[in-house]
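# Observations on chain architecture
One letter stands for each residue in the lines below.
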Amino acid sequence: MNKPPSFAHAAKSGGNKLAKKLTQAIAAHQLGELAAAERLYRSILASKPNHFDALHLLGVIEHQKGRYREAERLIGRALKINPQSAAAHVNHGLALQALDRHEDALASYDRALALKPEDASVLNNRGTVLQALKRPEDALASIDRAIALRTGYDRALYNRGIALQDLGRTEEALASFDRALALKPDYIPALYNRGIALANLKRPEDALASFERALALKPDYVEALNTRGNALRDLNRPEEALSSYDRALALKPDEPDALNNRGNALRDLRRFEEALSSYDRALALKPDYVEALNNRGIVLRDLKRPEEALTSLARAIEIKPDYAEAIFNRGKTFAEMDRPVEATECYVRALEIRPDYAEVLSERGSLLNKLKLYDEAIEDFEHLLRIDPHYPYAKGNYLHAKMYCCNWASIEEDVRGVIEGLRAGERCDYPWAFLGISDSPEDQLACARIFTASEYPPSRDSLWKGERYGHDKIHVAYISSDFRNHAMAYLIAGLFELHDRSRFVTTAISIGPDTKNEMRGRIERAFDRFIDAREKSDRAVAELLRELEVDIAVDLNGFTAHSRPGILALRPAPVQVSYLGLPGTMGAGYIDYIIADRVIIPEDRHDCYAEKIVYLPDTYFVNDSKRRIAEATPTRAEAGLPDAGFVFCSFNNNYKITPPVFDVWMRLLREVDGSVLWLLQSNDVSAKNLRREAESRGVAPDQLVFAPKIEPADHLARHRLADLSLDTLPCNAHTTASDALWAGLPVLTCLGTTFAGRVAASLLNAVGLPELITHSIGEYEALAMTLAKDRQAHAAIKAKLALNRTSYPLFDTDRFRRHIEAAYVAMWERAQRGEKPSSFAVDPIAA
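Residues numbered from 1 in each chain as written. Predicted model: local features only at pLDDT ≥ 70, side-chain atom pairs only at ≥ 80, totals over all residues. Heavy atoms only, no water.

## Structural notes on the overall build of the chain
Check the secondary structure of the chain and you find 38 helices and 14 strands. Since a compact globule built from 847 residues should have a radius of gyration of about 29 Å, the 36 Å found for the chain marks it as more spread out than a globular shape. Along the first, second and third principal axes, the C-alpha set of the chain runs to 130 × 65 × 45 Å. Long-range contacts, defined here as pairs at least 24 residues apart, represent 63% of the contacts in the chain between residues at least 6 apart. Total accessible area on the chain stands at roughly 34700 Å², and carbon and sulfur atoms take up 49% of it. For the chain, the separation between the mean place of its 111 positive charges and that of its 120 negative charges on side chains is 7 Å. (Helix = DSSP H or I, 4+ residues; strand = E, 2+ residues; numbered from the N terminus. Rg over C-alpha atoms; globule rule 2.2 N^0.38 Å. Contact = heavy atoms within 4.5 Å. Areas by Shrake-Rupley, 256 points an atom, 1.4 Å probe, with all protein chains shown as cover. Lys, Arg positive; Asp, Glu negative; His and termini not counted. Charge placed at Lys NZ, Arg CZ, Asp CG, Glu CD.)

## Topic: the layout of surface pockets
The computed volume of the second largest pocket comes to approximately 610 Å³. Lining the second largest pocket are 30 residues, with I437, D439, T658, P660 and P730 positioned closest to its centre. Listed by contribution, the elements that provide at least two residues to the lining of the second largest pocket are α24 (411-423) and α31 (659-671). Per-element accounting of the lining of the second largest pocket gives the leading share, five residues, to α24. In the lining of the second largest pocket, the residues fall into 16 nonpolar, 10 polar and four charged. (1 Å grid on protein atoms, 1.4 Å probe; cavity = no way out; pocket = protein on both sides within 12 Å on 5 of 7 lines; lining within 4 Å. Points joined across faces, edges and corners; volume = space filled by probe spheres on them. Nonpolar A, V, L, I, M, F, W, Y, C, P; charged D, E, K, R; others polar.)

## Notes on the nonpolar core
Grouped together as the largest cluster of nonpolar side chains are 132 residues, with contacts concentrated most on Y579, W665, W678 and M827. Here this core gets eight residues from one element, more than from any other, and that element is helix α27 (residues 487-498). Of all hydrophobic cores here, the second largest spans 107 residues; its members include Y187, Y289, L384 and L385. (Core = buried A, V, L, I, M, F, W, Y, C linked by side-chain atoms within 4.5 Å. Buried < 20%, exposed > 50% of the residue type's maximum accessible area, 1.4 Å probe, protein only.)

## A few points about the state of the cysteines
In the structure shown here, the tally under the stated rule is zero disulfides. Unpaired in this structure, C406 has its nearest cysteine sulfur neighbour in C405, at a distance of 7.1 Å. Residue classification places C406 among the buried residues on the basis of a relative accessible area of 0%. C428 supplies the cysteine sulfur nearest to C447, a cysteine that is in no disulfide, at a spacing of 6.8 Å. (Disulfide = S-S within 2.5 Å.)

## Brief notes about the packing of helix α23 (residues 394-404) against α24
Two elements in contact, α23 and α24, have axes whose closest approach is 9 Å; the angle formed by their N-to-C orientations is 150°. As judged from the angle between their axes, α23 and α24 are roughly antiparallel. For α23 against α24, the interelement crossing comes out left-handed. Listed contacts from α24 to K395, G396, Y398, L399, K402 and M403 of α23 are I411, D414, V415, G417, V418 and G421. Looking at the contact of α23 with α24 residue by residue, the classes come out as six nonpolar, three polar and three charged. (Axes fitted to C-alpha atoms, helices over the stretch in contact; angles between N-to-C directions. Parallel < 35°, antiparallel > 145°, perpendicular 65-115°, else oblique. Left-handed = near helix turned anticlockwise from the far one by under 90°.)

## Concerning the sheet that holds strand β6 (residues 593-596)
Within a beta sheet, neighbouring strands are joined by backbone hydrogen bonds and run either parallel or antiparallel to one another. A sheet is described by the order of its strands in space; here eight strands give the open sequence β3-β2-β1-β4-β5-β6-β7-β14, paired in parallel fashion. Every interior strand has two partners, whereas the edge strands, β3 (529-532) and β14 (840-841), have only one. The pairing of strand β7 (residues 612-615) with β14 spans two bridges and is classified as parallel. Paired with Y615 across the strands is A841, a residue of β14. (Pairing = 2+ DSSP bridges.)

## Remarks on the sheet that holds strand β8 (residues 647-650)
In space, the six strands of this open sheet follow the order β10-β9-β8-β11-β12-β13, with parallel pairing throughout. Both edges of this open sheet fall to β10 (704-707) and β13 (773-774), since each of them pairs with a single strand only. For strand β9 (residues 676-680) and β10, the ladder comprises four bridges, and the chain directions are parallel. Across the sheet, L679 pairs through a bridge with F706, a residue of β10. On top of the sheet, helix α35 (residues 759-766) reaches β12 (747-750) and β13; it is set at about 130° to β12, its chief contact.

## Here we look at the pairing of β8
Going residue by residue along β8, you find V647 and C649 tucked away on one face and F648 and S650 tucked away on the opposite face as well. Strand direction decides the pairing type here: β8 and β9, joined by four bridges, are parallel. Residue pairing across strands places C649 opposite W678, the latter belonging to β9. In the classification by handedness, the crossover that spans β8, the intervening α31 and the parallel β9 is right-handed. Two elements, β8 and strand β11 (residues 724-726), share two bridges in a ladder whose sense is parallel. Residue pairing across strands places F648 opposite L724, the latter belonging to β11. (Right-handed = clockwise from strand over helix to strand, strands pointing away.)

## Observations regarding unusual backbone geometry
For the peptide bond that leads from L729 to P730, omega is 5°, which places it in the cis range. Positionally, P730 belongs in the loop between β11 and α34 (735-742). Positive phi outside glycine occurs at K304, with the angle close to 60°. Checked against the element boundaries, K304 lands in the loop between α17 (290-302) and α18 (306-319). In this structure K304 comes out as partly exposed when scored by relative accessible area, which is 26%. Non-glycine residue C406 carries a positive phi angle of around 55°. With respect to the helices and strands, the residue C406 is situated in the loop between α23 and α24.

## Details of the pattern of salt bridges
Using the criterion set out here, one finds 69 salt bridges in the structure. A salt bridge links E363 to K332, with the nearest nitrogen and oxygen atoms 3.7 Å apart. In this pair, E363 is assigned in helix α21 (residues 358-370) and K332 in helix α19 (residues 324-336), connecting sequence segments 31 residues apart. With a closest N to O distance of 2.8 Å, R605 and E442 form a salt bridge. Taken together, the residues span a long stretch of sequence, with R605 in the loop between β6 and β7 and E442 in helix α26 (residues 441-455) at a distance of 163 residues. E442 sits in the partly exposed class, given a relative accessible area of 39%. When salt bridges with common partners are traced through the structure, they connect D514, K516, R520, E524, D532 and R534 into a single cluster. (Salt bridge = Lys/Arg side-chain N within 4 Å of Asp/Glu carboxyl O.)

## Considering the confidence of the model for the chain
For the chain, the average pLDDT comes to 95, and 98% of its residues sit at 70 or higher. Segment residues 1-5 is flagged for pLDDT under 50; beyond a separation of four residues in sequence, or across chains, it makes 19 contacts in the model. Considering only residues more than four positions removed or in separate chains, one finds that residues 8-14, a stretch of pLDDT under 50, has 17 contacts. (pLDDT = per-residue confidence, 0-100.)

## Quick look at the packing of aromatic side chains
For any pair of aromatic rings, the description consists of the separation of the ring centres together with the inter-plane angle of the planes. For the structure shown, the criterion picks out 31 aromatic pairs. Consider the rings of F328 and Y357, whose centres lie 5.7 Å apart with planes at 55°: the pair is tilted. Here F328, found in helix α19, pairs with Y357, found in the loop between α20 (340-353) and α21; they are 29 residues apart in sequence, far enough to count as distant. With respect to class, F328 is no different from Y357; both count as buried. Ring-pair connections join several aromatic residues into one group, and the members of that group are Y478, F483, F496, F504, F527, F530 and Y824. (Phe/Tyr/Trp six-rings, centres within 6.5 Å; stacked < 30°, edge-to-face > 60°.)

## A look at the environment of R791
Structurally, R791 can be placed in helix α37 (residues 791-804). According to the relative accessible area criterion, R791 is partly exposed, its value standing at 47%. A sequence separation of 71 residues divides R791 from R720, and the C-alpha atoms of the two residues are 16 Å apart. Setting aside its immediate chain neighbours within four residues, R791 contacts G645, F646 and D723.

Put into structure tokens, the structure is as follows:
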């Protein structure tokens, strides 16, 4: 703040009538009687137009009334009469500063200082002008001179804090504001800017307290209400933030910043349509508001309106070509539209502008992972971790990029870093990815809870309010992005077709692409209602579920690709279930049940799941007995396999292969003459790395044979060429194990400690082959060796599988259908009685 205009300098004009009138005018002016003072000054000027004091002090009155142009004109005239008045130069500078003529104001203050060098007030005002001229170093020097001249100069200490903030010296700025407040505890602007400094220091609780103190002194302080809202958002308290912005807008409805920030709070609350409206209101007031254009683009992407999002972001970039945030968000929108080339171009441009832009590095790394350019992704994540070792999910993304290409350099250290970060409460990995490295159900629960709380917190405004629907049939809705050629669809399509229409109404909520293929058509026909909701927002989908009065909503994605947990976070249904997509807990209070079996989740492990456990009697794993296996089997030569010799195989995604399991496999290859290991070629880099790892363990690289991806029926048929499928740990084969067993290929597993590490055991139990479940890595290796060397034992296992395949429950789709329907009925009946969810077991049906 600048010192108010001074008039105490006025010279005496002698004992005549004008001097007496001037004395009266000054007295009235000092008493704040501006109208009386103005009349007297004008009376003097009527008699003597070039009266210095009257011109000068009338200019001061004009300044006090906010008429800065007239103030500058009058004081300028006075200075032509007496250029040696330091006070007039000061007041001229103040008027010029109010007119945003900062260079001219600086010249006036310098003239005043030439006449009166030790004037602390002028040095302080000079500092504020230099600040406005974007010369914070010079401003700080001028203000420091003022403070040296006047001990306890609260206003200068405050301005010093502002200059230090602009220099990025936030800790020093905070100290300067604190010194000003020690002298003047009710210094409202200092409290406000202290809060901003604390917010910049990532101390939102303290920032909030400072804003609250400012508002206690000035309840209508719009700027403080706005920044208070920002602090509340930083504290993940979006409802309170929204209330603070609304209070600011009630006082000043045309405040674009508050409208923009209000949109951000509404977006936090996933109220995307309202957020869009708030951004639009801000832009109506300020059409070139690039931050609002950027945020508008983000929320349009949230609303599944990507083309409009691109237009909004392009407008922001047109106004501000180096706006890295908008360029990045444009890239992210392209990425979500599966346009990776344009996305990459945007990310490259954003990084040219801001080489250490952490969020861009994270997103580009993730895109490179998706494109299977793992080596490049690893570089981005390494760079990101150098910039910010605790950047959300960076440790996990870096580790999993390495695992996808089987780059095991420092793998133990990387895994330990992720687990230690997680146990410290960091957002360091995604629940789905974490399954591949974790053998702790407790850690998996913690990972899921941290992720859900941050990314998909429960809505405080549940769409379902406790109503009990009076339906004749139970309405079940399945939500998935994978109603297409996808592993999930191949497993579950038969269940959809077999649902008892006399007892159930089934709805598909498709949130993934419409591939318009045979599987898509089959699934569409299997449902009573098939709704393509991919372009609807989470709230719109949730409102649709509520409108349809869905009794049970079943999430088939969990946290897999294209999942939308935000739909169920809005609680649209009385019963909400996690099934099949995520082999573990979602860590969310709004998911009532997880469908499992007693192998998958032992009775003493319930505490590791946020959901209540529903036990199915045979296996939790659904299979489609109609899955087609191609009649023609390729020759070994056509598959790149040797004509003779034992073929171990593992068609798991390569990221599931871990060094301890690979060590076992290599020992098997060394011990079993003529044997090979047949693996799925997830990507070229992993194949190269695995061959190198094999050679380092004394195994010829050509003993590893890689199978390309082919059509599902043909893939099942080529299983006939293998002798034994080897499972992985800590994450088992799931669909891969089911494929092998359906094709008649025995699967050897080692029972893990987590859901994801016990799936193959569940399948083997359900197909009557518990002897292929081992309980230690040593037992696993020994049994693999036995089966490879004892042809009779191996033949007996294959024969048993061939017999059990169609007679045991694993592939009996209708038996599974009756069990899961019994589970749905029990869930529904409990909800109808108004009871809370509770774990239970489904009784097996009669054979």
